[in-house]
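Each chain, letter by letter, is given below.
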Amino acid sequence: RMARKDITQSHVLWTRPITVSGPRDDVALAVSCDVLSALLFQRLRSELGLCYGAHCSYEDDLPNLNLIELNTSVPHDNRNKALKEMGKVLEHFLSEGLDKDRIEEAKATVKRKLLMSSDSPSVNTYSMLEECLTKNSTTDPIDSLVEALPKVTDRYIRNFAKKNFSGEYKKCLLLEG
């Protein structure tokens, strides 16, 4: 007879509203999320082995409401350590995580996703579409982002991240059992 291993998990979600207006912010958001995702995965998965994955994304499904989301799923016994480490990674991200090399790498990743029309590109699609429709623009919003990517400075991205990624997060925990 085989022993059953407990495979239940705790799903962790941190979220907060952010302000995004225009292609420069869309680029800064996409780059910031890509860098933070890499840092979360590196620490929580690669270094500590607490989970299978961890990432940062954002939701823009509602008009005038954009949310950053940091999430992971961990075995129950790793939950508290994962919560603590997520906070440390976020602090590191805001203080020194957005260095020149990480930003450059993230810009290349975002550009590749945009050009390949990935299933989940790191772009603020709803707000871009809304802007395109309300201003009767004939410019493709994806083209606008690709064009804006090299023009958005590292400093702008760092300032955007400090403004939008710092502060209080709503923390949600879903226990499977």
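This text follows the structure it describes.
Residues numbered from 1 in each chain as written. Predicted model: local features only at pLDDT ≥ 70, side-chain atom pairs only at ≥ 80, totals over all residues. Heavy atoms only, no water.

Colleague: I'm lost on the overall build of the protein in this one. Help?
Modeller: The secondary structure content of the protein amounts to six helices and four strands. Counting from the amino terminus, helix and strand elements in the protein follow one another as β-α-β-β-α-α-α-α-α-β. By the burial criterion, 42% of the 177 residues in the protein qualify as buried. Contacts in the protein between residues at least 24 apart in sequence constitute 76% of all its contacts with a sequence separation of at least 6. Only carbon and sulfur atoms are counted for the fraction: they give 51% of the accessible area of the protein, which is about 10,700 Å². (Helix = DSSP H or I, 4+ residues; strand = E, 2+ residues; numbered from the N terminus. Buried < 20%, exposed > 50% of the residue type's maximum accessible area, 1.4 Å probe, protein only. Contact = heavy atoms within 4.5 Å. Areas by Shrake-Rupley, 256 points an atom, 1.4 Å probe, with all protein chains shown as cover.)

Colleague: Looking at this structure, I do not really get the nonpolar core. What am I missing?
Modeller: Nonpolar side chains tend to gather and get buried jointly when the protein is soluble and globular. Val31, Leu36, Leu40, Leu70, Phe93 and Phe165 are the most contacted members of the largest nonpolar core, which totals 44 residues. Elements that contribute at least two residues to this core include exactly strand S1 (9–18), helix H1 (23–47), strand S2 (54–62), strand S3 (65–75), helix H2 (79–97), helix H3 (100–116), helix H5 (141–148) and helix H6 (154–165). Looking at this core, the element that brings in the most residues is H1, giving eleven residues. Among all residues touching Phe165, those that are not within four sequence positions of it are Arg16, Leu29, Ser32, Cys33, Leu36, Cys56, Ile68, Leu90, Phe93, Leu94 and Phe160. (Core = buried A, V, L, I, M, F, W, Y, C linked by side-chain atoms within 4.5 Å.)

Colleague: Help me understand H5 in this model?
Modeller: Every α-helix winds through 3.6 residues per turn, so residues three or four apart in the chain are directed the same way. Buried within H5 we find Pro141, Leu145, Val146 and Ala148. An end-on view of H5 places all buried positions within 165° of arc, on one side of the element. (Arc of directions from axis to C-beta.)

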